[in-house]
Amino acid sequence: MTIWRPYQQMKNLKVPYKVIDAEGVYLFTEDARLIDSISSWWCMIHGYKHPVLSEAIKRQVDLFSHVMLAGLSHQPVEDLADKLETWLPGDLNYSFFSDSGSVAVEVALKMALQFYVNQGIFHRKKVLSLKHAYHGDTFRTMEVGDDEDYHYILKFCGSGFDCIHIPTEISALEEAFALYGEELNSFIVEPLLQGAGGMRMYDVAFLKRARELCDAYGVLLIFDEVATGFGRTGNRFVADLVLPDILCLGKALTGGYIGHAATVANEKVYRAFYDSDPQKALMHGPTFMGNPLACAVALKSIEVFENENYLKKIARIEQITRRAFEGFHDDRVREVRIMGGCVCIEVKDPENIDGYREFAYRRGVYSRPFLNYLYAMVPYVIGEGDLCQILDCMKAWFMR
Ligand SMILES: *Cc1c(COP(=O)(O)O)cnc(C)c1O
């Protein structure tokens, strides 16, 4: 048996831990119980086997698991679209569903370009994005991303796509708009928290200035909240603080139960496509868009998030985490960053965290550090004891 694993030189593959059951914050293997400190790539916000979510998806399986969304419709997708329309801030009212975060970002980038093309404006081909950005693994998302691990293959794909990457500094932002403002169709960001680029955190003032400049130059602002959405930064959405024109959701959208994503556009963007000319339609249609299982469970996930005051849970996680790292320092550590339900220890040398995965395993914690980053993004339902076990484990690594 060979399963081609993600982001992995298969020749050096460490044997993955084989999960046989999962419940709450716990993963069970044949011989261990592990607290999942990273919520299965940040998506399992309610933990595993949540009774309400499991019930919702089971009920939908008994009705029908899938129907296509062209020519057909169904209650779960209509209810989810309605829910997002009322729940999301401002006039982010038009949801385009797809099956993964990468595709949601592709759709957003396509929308932004065609927004101008549909109005007869053809020169706005450039996209502004951030240094250390991560927006997915498909080609266009790799290009707007700035992940060193992708540079190797991107160099060979011969793309002439014009993307400008800037640091999260207001001066760089102003300079980029002064230079390229008239040629940009969009500015895409992971707002406040850049995930896969190393859990980098920055100030909301940067986003407020970005909104002003986008308005001044007529550039669309895209928030890729695939990772930050649904509470991770301590805000419900960063879009609650600064309103984008297009919002991408994924990962926690379904409470991690099944892959699904949404690209949500505002009125202005939607209007640029609304026409009797078929050429002006949005030419995209993933086979599994609006999948009924995904929509049914996403609806329940949002309901639980609202009814059980998750923002309070997340604030508590942040508070406990800050307390745990008070006074912590070590020569190998460059910085400890904390925001909402995310904590990251950035070390000076990747070798400083070599072996941490196994160390954590022996202490009942599942972790997957990468490059210089040892981090936790816990399920929001975690109890204080389990959370402290994760944080103690992170600190204990440096006290050996
Ligand atoms: C994970 C992620 C994506 C890609 O989502 P997939 O579902 O893995 O395709 C895009 N953007 C951000 C910010 C992400 O964290």
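These numbers come from a predicted model, not from an experiment.

1. Points about the pattern of salt bridges
Side chains that carry opposite charge are capable of pairing whenever their charged atoms lie near each other. Here the structure, examined in full by the defined rule, presents 23 salt bridges. Arg124 is the salt-bridge partner of Glu182, the closest N and O atoms lying 3.7 Å from each other. With a gap of 58 residues between them, Glu182 in the loop between α7 (170-180) and β7 (184-189) and Arg124 in the loop between α4 (101-117) and β5 (126-130) connect regions that are remote in the sequence. The class for Arg124 is buried, based on a relative accessible area of 8%. Here Lys126 and Glu183 are joined by a salt bridge, their closest N and O atoms 2.5 Å apart. Of this pair, Lys126 sits in strand β5 while Glu183 sits in the loop between α7 and β7, and the two are 57 residues apart along the sequence. For Lys126, a relative accessible area of 13% translates into the label buried. Shared partners join several salt bridges into a network, and the residues in it are Arg334, Glu335, Arg337 and Glu346.

2. Side note on the site of the ligand
In the vicinity of the ligand, the residues found are Trp42, Ser100, Gly101, Ser102, Tyr134, His135, Gly136, Glu190, Asp224, Val226, Ala227 and Lys251. Within the backbone of Gly101, a nitrogen or oxygen atom sits 2.8 Å from an oxygen atom of the ligand. At a separation of 2.6 Å, an oxygen atom of the ligand approaches a polar side-chain atom of Ser102. Within the complex, 83% of the 380 Å² of free accessible area of the ligand lies under protein.

3. As for the packing of aromatic side chains
A complete count under the given rule lists 28 aromatic pairs for this structure. Ring plane angle 85 degrees and centroid distance 6.3 Å describe the contact between Phe177 and Phe187, whose orientation is recorded as edge-to-face. A residue pair is termed long-range when its members are at least 10 positions apart, and Phe177 in helix α7 and Phe187 in strand β7 qualify at 10 residues. By relative accessible area, Phe187 is classed as buried at 0%.

4. Observations regarding helix α13 (residues 384-397)
In this model α13 runs 20 Å from its N-terminal to its C-terminal C-alpha over 14 residues, within 8% of the 20 Å that 1.5 Å per residue would give. Every buried residue belonging to α13 is among Asp386, Leu387, Ile390, Leu391, Cys393, Met394, Lys395, Ala396 and Trp397, and all of these are buried.

5. Comments concerning the domain arrangement of the protein chain
Under the domain assignment, the protein chain is made up of domain 1 (10-49 + 310-397) and domain 2 (53-307). Here domain 1 and domain 2 have C-alpha centroids that lie 27 Å from each other. In this assembly, 25 residues from domain 1 lie in contact with 29 residues from domain 2. Summed over both partners, the interface of domain 1 with domain 2 comes to about 2300 Å²; 67% of that surface belongs to carbon and sulfur atoms. When the buried area of domain 1 at its contact with domain 2 is split by residue, Trp42, His46 and Met339 rank highest and sum to 28% of it. Across the domain 1-domain 2 interface, the total number found is zero salt bridges. For the pair domain 1 and domain 2, the number of links is 10 residue pairs in polar contact (both at pLDDT 80 or more). Elements with a contribution of two residues or more to the side of domain 1 that touches domain 2: α1 (39-42), α11 (310-325), β13 (333-339), β14 (342-347) and β16 (373-376). Classifying every residue of the side of domain 1 that touches domain 2 by side-chain character gives 19 nonpolar, four polar and two charged.

6. Details of the sheet that holds strand β2 (residues 26-29)
Spatial ordering of the open sheet is given by β1-β2-β3-β15, a layout of four strands whose pairing is mixed. Of all strands in the sheet, those bounded by a partner on one side alone are β1 (19-23) and β15 (365-366). Pairing between β1 and β2: four bridges, direction antiparallel. Bridge pairing links Asp21 to Phe28 in β2. Packing against the sheet, α13 makes contact with β2, β3 (33-36) and β15, and its axis sits at approximately 90 degrees to β3.

Conventions used here
- Per chain, residues are indexed from 1 in the order of the written sequence.
- Note on the predicted model: pLDDT of at least 70 is required for a residue's local features to be given, and 80 or more for side-chain atom pairs to be given and counted; whole-chain, interface and lining totals, by contrast, use all residues.
- Only heavy atoms go into the side-chain values, all of them from the structure, while hydrogens and water stay out.
- Here, a salt bridge means any side-chain nitrogen of Lys or Arg that lies within 4 Å of a carboxyl oxygen of Asp or Glu.
- The helix and strand labels rest on DSSP assignments: H or I over at least four residues marks a helix, E over at least two residues marks a strand, and numbering proceeds from the N terminus.
- Each residue is placed in one exposure class: buried if its accessible area under a 1.4 Å probe, protein chains only, is under 20% of its type's maximum, exposed if it is over 50%, and partly exposed if it falls in between.
- To be near a molecule or strand, a residue needs just one of its heavy atoms within 4 Å of it.
- Throughout this description, a polar contact denotes any pair of N or O atoms lying within 3.5 Å of each other; where both atoms belong to protein, one of them has to be capable of donating a hydrogen while the other can accept it, and for residues adjacent in sequence the pair is counted only when both atoms sit in side chains.
- What sets the accessible areas is the Shrake-Rupley method with a 1.4 Å probe; for residues, cover comes only from the shown protein chains.
- Working definition: rings of Phe, Tyr and Trp (its six-membered ring) pair if their centres are within 6.5 Å, and the pair is stacked with planes under 30 degrees apart, edge-to-face with planes over 60 apart, and tilted otherwise.
- Multiplying one less than the number of residues by 1.5 Å gives the expected span of a helix.
- Either an automatic procedure or a domain database provided the assignment from which the domain bounds are taken.
- Working rule for contacts: check all heavy atoms of both residues, and any pair within 4.5 Å makes them a contact.
- Buried area: the accessible area, evaluated with a 1.4 Å probe, that two parts lose upon being put together, summed over both parts.
- The classification used treats Ala, Val, Leu, Ile, Met, Phe, Trp, Tyr, Cys and Pro as nonpolar, Asp, Glu, Lys and Arg as charged, and all other residues, Gly among them, as polar.
- One requirement defines pairing of two strands: DSSP has to find at least two bridges between them.
- Helix axes are fitted only over the stretch in contact, all axes being lines through C-alpha atoms; the angle between N-to-C directions runs from 0 to 180 degrees.

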